[in-house]
Amino acid sequence: MSRARVLVMNSALGPLDYRVPAGMQVEPGSIVVAPLGPRQLAGVVWEADRMPSDAEVGDNRLRNLIAVADAPPIPEPVRRLIEWTANYYLSPPAAVLAMTLRTSAAFEGAPTIVEYRATGLVPDRLTPQRAQALERIGDRQGLVRELATVADVSEGVIRGLCKIGAIEAVTVDTDSPFPLPDPHFGPPDLSADQADVASILRQSVGAGAFQPFLLDGVTGSGKTEVYFEAVAAALAAGKQTLVLLPEIALTEPFLTRFAQRFGCEPIAWHSGLRTSQRRRAWRAIARGEAMVTVGARSALFLPYPKLGLIVVDEAHETSFKQEEGVHYHARDVAVMRGKFEQCTVVLASATPAIETRHQVELGRYEELKLPGRFGAAEMPDIEAIDLIAEPPERGRWLAPRLVLAIDAALERKEQSLLFLNRRGYAPLTLCRHCGHRFQCPNCTAWMVEHRLIRRLSCHHCGHTYPTPEICPECEEEDSLVACGPGVERIADEVAALWPDARTAIVTSDTLWSPAKAAEFVQRMEHHDIDIVVGTQLVTKGYHFPNLTVVGVVDADLGLDGGDLRAAERTFQQIMQVSGRAGRGVKPGHVYIQTHAPDAQVMQALVSGDSAAFYAAETEARREAGAPPYGRYAAIIVSSEDKAAAEETARLIGRTAPRVDEMHVYGPAPAPMAMLRGRHRFRLLVHARRAFDVQDMIREWLGALEWSAKVRVAVDVDPYSFL
Ligand code: ADP
Ligand code: ZN
């Protein structure tokens with residue numbers, strides 16, 4: 001008989017041994033169903049034919065594996081990646097594995113799935129619920145549960161509609177093949193610079209060895225066009241490609257652009273997929289039939305069996321860092337995956353992170369540069385507006401110079417973009433009578449007014465209620481005042497200044513699905529929009545040739561809070577949003593409103609001297625021993641019980657190992673002292689680059705015990721210091 005070591009999908013457990021019953025064939029990577037207590041769990045065989053040591057459980061006490069899934073085994077490089085990620089980010093391997101086996105139905109179920117859709121028949125007895133369901137479902141198709149969610153009705157309503165024939169079942173084949181992208185479909189005429197870079201990438205993909213590249217080109221230089229050539233090379237070699245984008249809102253325009261180049265869309269992987277779509281994509285990926293996948297960071301752990309290329313687009317984006325569960329950074333893990341897969345990795349960015357530049361300096365990544373915009377497009381000119389010297393009118397947020405610039409753009413029939421990275425109408429609401437401020441009961445955060453839906457919402461936990469008419473504290477009527485601007489408030493100002501202009505607000509509230517994003521792109525391209533007011537969601541990737549004026553409403557916003565990357569992030573964000581201006585033949589103009597026009601980051605933006613800015617930032621990091629010259633790990637202790645959290649945090653602080661290579665700061669109440677109803681304390685470990693912090697933390701925390709009420713999370717290489 002043989003025994004197998006299996007990683008089961010339970011984060012509390014490490015790998016467990018099982019007996020492989022007679023007649024069952026497993027190999028490392030096999031996806032299996034294993035018994036655990038009274039339950040059955042999916043898992044992956046980590047070691048087959050394992051020889052136990054004497055001290056281990058005898059064979060006769062092992063339980064039998066129940067079944068092997070009808071799916072290809074998880075390939076070796078993916079298993080190595082799971083181990084590496086779990087180890088580096090101090091996470092349970094099962095939690096990482098869960099990202100690989102993202103959809104258990106994909107390997108458990110039959111190759112078909114039954115979905116439902118409206119038949120067009122309108123029932124005689126149309127209750128309001130049924131009417132609402134049919135209206136919202138429209139021509140959508142999905143599981144009963146999914147349709148019920150879309151329609152905001154109970155599943156019973158959907159089943160009722162099914163009984164009377166207004167909704168019908170359809171069988172979807174989740175194994176139906178995807179069209180194959182054609183590398184020769186629509187190749188571009190590359191400029192000389194682009195062709196040079198493309199040829200290096202093609203060569204690397206052809207060589208099939210590990211090679212990370214930094215593709216460093218200004219916005220609009222054709223980075224996408226160039227890495228598409230690498231995709232073409234991978235297709236020609238029969239290898240799979242993964243393209244990671246920082247936001248799912250960006251996938252939709254990407255799909256269209258990809259289809260223009262390759263004749264069909266790639267496979268999209270994101271949280272908005274229906275069960276059947278997810279299942280079909282997973283199966284095609286695992287079988288090696290899905291040749292190009294584009295997705296948000298979670299696509300990184302999928303079991304591509306023959307990966308030849310990984311592209312991380314807008315690689316500097318901090319949204320690649322996952323802030324819950326496994327705290328991994330998709331950019332860094334992508335490079336590790338490339339190493340295990342022995343393939344090409346392309347990090348594309350107009351504003352590469354200091355960490356990435358450092359890897360180039362060390363000779364680990366090869367830098368490829370695209371110095372100018374493609375074709376006739378020039379880089380936009382950037383001016384700062386000193387809000388103290390040239391203030392907006394009272395109660396307004398746009399300075400006169402910016403207003404004139406937008407006037408002129410409207411006159412020329414060109415589009416403008418106002419950028420403010422704040423959703424809603426106002427970030428703070430208070431009572432002018434008693435001074436009461438609306439705070440979230442669950443978080444250390446103000447309730448943000450969303451005037452369009454007349455609600456106050458917490459952006460951290462989602463707590464929301466209708467904006468009250470009277471102050472809950474002093475009961476004064478009409479006494480609430482909005483403090484500070486959000487995008488909705490800027491949109492109000494735009495409407496007041498230019499009543500005839502057509503405007504759009506672009507935030508995650510309005511562009512919450514790929515379809516919404518596609519609609520926005522269409523409206524921009526058809527010039528149905530004159531002025532866009534948006535958050536960071538509009539700063540990335542979009543290409544609107546007729547957009548010529550960009551106004552940054554509050555350039556100082558990102559500098560608040562002062563974490564180590566604040567200036568760098570501000571620089572990147574403003575460069576990105578500036579990069580939306582003047583991408584066609586018409587020149588672009590960017591106006592940066594700031595209270596600190598002399599700050600180094602503002603000067604760098606205006607002068608265009610990014611080299612000097614980066615040099616100064618890098619030097620400051622070196623002096624502070626901050627990343628990439630040193631390393632940090634945060635330990636976040638949280639509990640609904642404040643005393644319990646504090647006690648555990650103290651215990652951790654007290655038992656911190658005293659070694660020369662590292663220093664532990666804290667514990668201290670986190671800046672976000674309360675989040676989703678949990679009290680939070682933080683410790684920050686600061687160590688030398690070469691020091692194995694993970695090992696030390698594992699040993700340190702492993703020796704401690706704390707109450708079940710307390711959660712201790714470790715964030716290695718943290719990006720958030722809240
Ligand atoms: P980036 O990714 O660097 O911002 P893009 O790849 O989006 O740049 O290119 C900017 C614009 O220029 C796009 O509309 C793209 O189609 C166009 N473009 C870039 N290179 C070429 C080329 N060689 N031929 C035709 N169009 C190009
Ligand atoms: Zn909250």
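### Considering the coordination of the zinc ion (ligand 2)
Thought 1: Within the protein, the atoms that donate to the zinc ion (ligand 2) are Cys440 (SG), Cys443 (SG), Cys458 (SG) and Cys461 (SG), at distances of 2.2 to 2.4 Å.
Thought 2: Every donor counted, the 4 donor atoms about the zinc ion (ligand 2) form angles of 102 to 115 degrees at the centre, which fits tetrahedral coordination.
Thought 3: Linear spacing of the donor residues for the zinc ion (ligand 2) on their chain is C-x2-C-x14-C-x2-C. With Cys440 in the loop between β18 (428-431) and β19 (448-450) and Cys458 in the loop between β20 (455-457) and β21 (464-466), the pair connects residues that are 18 residues apart, well separated along the chain.
Thought 4: Owing to a relative accessible area of 4%, Cys440 belongs among the buried residues under this scheme.

### Focus on the site of ligand 1
Thought 1: Around ligand 1 lies a shell of 15 residues, among which Asp189, Gln194, Lys223, Thr224 and Arg257 are the nearest.
Thought 2: A distance of 2.8 Å separates a nitrogen atom of ligand 1 from a polar side-chain atom of Gln194.
Thought 3: Protein contact buries 80% of the 550 Å² of open area that ligand 1 shows by itself.
Thought 4: Broken down by class, the residue content of the shell around ligand 1 amounts to 3 nonpolar, 7 polar and 5 charged.

### Considering the pattern of salt bridges
Thought 1: Counted according to the given criterion, the structure contains 29 salt bridges.
Thought 2: Here Glu155 ties to Arg159 by a salt bridge, and the two come within 3.2 Å at their closest N and O atoms. Linking Glu155 with Arg159, this pair stays in helix α6 (residues 155-163), spanning 4 residues, or about one helical turn.
Thought 3: Residue classification places Arg159 among the partly exposed positions, given a relative accessible area of 45%.
Thought 4: A salt bridge links Glu568 to Arg621, with the nearest nitrogen and oxygen atoms 2.7 Å apart. Here the residue Glu568 occupies a position in helix α16 (residues 566-578), and Arg621 occupies one in helix α18 (residues 610-624), the gap between them amounting to 53 residues.
Thought 5: Via salt bridges that share partners, Glu76, Arg79, Arg80 and Glu83 belong to a single interconnected network.

### A look at a negative patch on the surface
Thought 1: There is a patch of like negative charges on the surface, built from Glu469, Glu476, Glu477 and Asp478.
Thought 2: Given a relative accessible area of 66%, Glu469 falls into the exposed group.

### Concerning the pairing of strand β24 (residues 531-534)
Thought 1: Along β24, one buried face is formed by Ile531 and Val533 and the opposite face, lined by Val532 and Gly534, is buried too.
Thought 2: Inspection of the sheet shows strand β17 (residues 415-419) paired to β24 by 4 bridges, in the parallel sense. Note that in β24 the partner of Phe419 across the bridge is Gly534.
Thought 3: As defined by bridge partners, strand β23 (residues 503-506) adjoins β24 across 4 bridges and the pair is classed as parallel. Of the residues in β24, the one forming a bridge with Thr503 is Ile531.
Thought 4: Of the crossover connections in this fold, the one passing from β23 over helix α15 (residues 514-525) to the parallel β24 is right-handed.

### Description of the sheet that holds strand β9 (residues 211-217)
Thought 1: Strands sit in the order β11-β12-β10-β13-β14-β9-β15 across an open sheet of 7 strands; the sheet is parallel. Edge positions in the sheet fall to β11 (267-269) and β15 (366-370), since each has one partner strand and no second. Strand-to-strand twist of the sheet, defined as the mean angle between neighbouring strand axes without regard to direction, takes the value 20 degrees.
Thought 2: Here helix α8 (residues 223-236) sits on the sheet and contacts β9, β10 (240-244), β12 (292-295), β13 (307-313), β14 (344-349) and β15; the angle it forms with β13, its principal contact strand, is near 165 degrees.

### Looking at the domain arrangement of the protein
Thought 1: We note that the domain assignment places domain 1 (3-101), domain 2 (112-173), domain 3 (192-370), domain 4 (381-422 + 486-618), domain 5 (426-484) and domain 6 (630-716) within the protein.
Thought 2: For domain 2 and domain 6, the distance between their C-alpha centroids amounts to 49 Å.

### Looking at the packing of aromatic side chains
When we look at a pair of aromatic rings, we describe it by the centre distance and by the angle of the planes.
Thought 1: Taken as a whole and judged by the stated rule, the model has 17 aromatic pairs.
Thought 2: Considering the side-chain rings of Trp84 and Tyr88, the 4.9 Å spacing of their centres and the 15 degrees angle between planes classify their relative orientation as stacked. Taken together, the residues span about one helical turn, with Trp84 and Tyr88 both in helix α1 (residues 76-88) at a distance of 4 residues.
Thought 3: Taking 5.7 Å as the distance between ring centres and 75 degrees as the angle between the ring planes, the aromatic pair formed by Phe228 and Phe254 counts as edge-to-face. Of this pair, Phe228 sits in helix α8 while Phe254 sits in helix α9 (residues 251-262), placing them 26 residues apart in sequence. Of the two residues, Phe228 and Phe254, neither departs from the other in class, the shared state being buried.
Thought 4: An aromatic cluster is defined as three or more aromatic residues linked by ring pairs; in this entry it consists of Tyr227, Phe228, Phe254, Phe258 and Phe262.
Thought 5: Cation over ring: Arg261 sits above Phe262, and NZ or CZ is 4.6 Å from the ring centre.

Parameters and conventions
- Residues numbered from 1 in each chain as written.
- Chains lettered and ligands numbered in written order.
- Predicted model: local features only at pLDDT ≥ 70, side-chain atom pairs only at ≥ 80, totals over all residues.
- Heavy atoms only, no water.
- Donors = N, O, S within 2.8 Å, 3.2 Å for Na, K, Ca; no water.
- Tetrahedral: all angles 85-135°; square planar, octahedral: opposite > 155°, others 65-115°.
- Helix = DSSP H or I, 4+ residues; strand = E, 2+ residues; numbered from the N terminus.
- Buried < 20%, exposed > 50% of the residue type's maximum accessible area, 1.4 Å probe, protein only.
- Near = heavy atom within 4 Å.
- Polar contact = N/O pair within 3.5 Å; in protein donor to acceptor, adjacent residues only side chain to side chain.
- Areas by Shrake-Rupley, 256 points an atom, 1.4 Å probe, with all protein chains shown as cover.
- Nonpolar A, V, L, I, M, F, W, Y, C, P; charged D, E, K, R; others polar.
- Salt bridge = Lys/Arg side-chain N within 4 Å of Asp/Glu carboxyl O.
- Patch = residues over 30% accessible without salt bridge, like charges linked within 9 Å, V, L, I, M, F, W, Y side chains within 5 Å.
- Lys, Arg positive; Asp, Glu negative; His and termini not counted.
- Charge placed at Lys NZ, Arg CZ, Asp CG, Glu CD.
- Pairing = 2+ DSSP bridges.
- Right-handed = clockwise from strand over helix to strand, strands pointing away.
- Axes fitted to C-alpha atoms, helices over the stretch in contact; angles between N-to-C directions.
- Contact = heavy atoms within 4.5 Å.
- Domains from an automatic or database assignment.
- Phe/Tyr/Trp six-rings, centres within 6.5 Å; stacked < 30°, edge-to-face > 60°.
- Lys NZ or Arg CZ within 6 Å of the ring centre and 35° of its normal.

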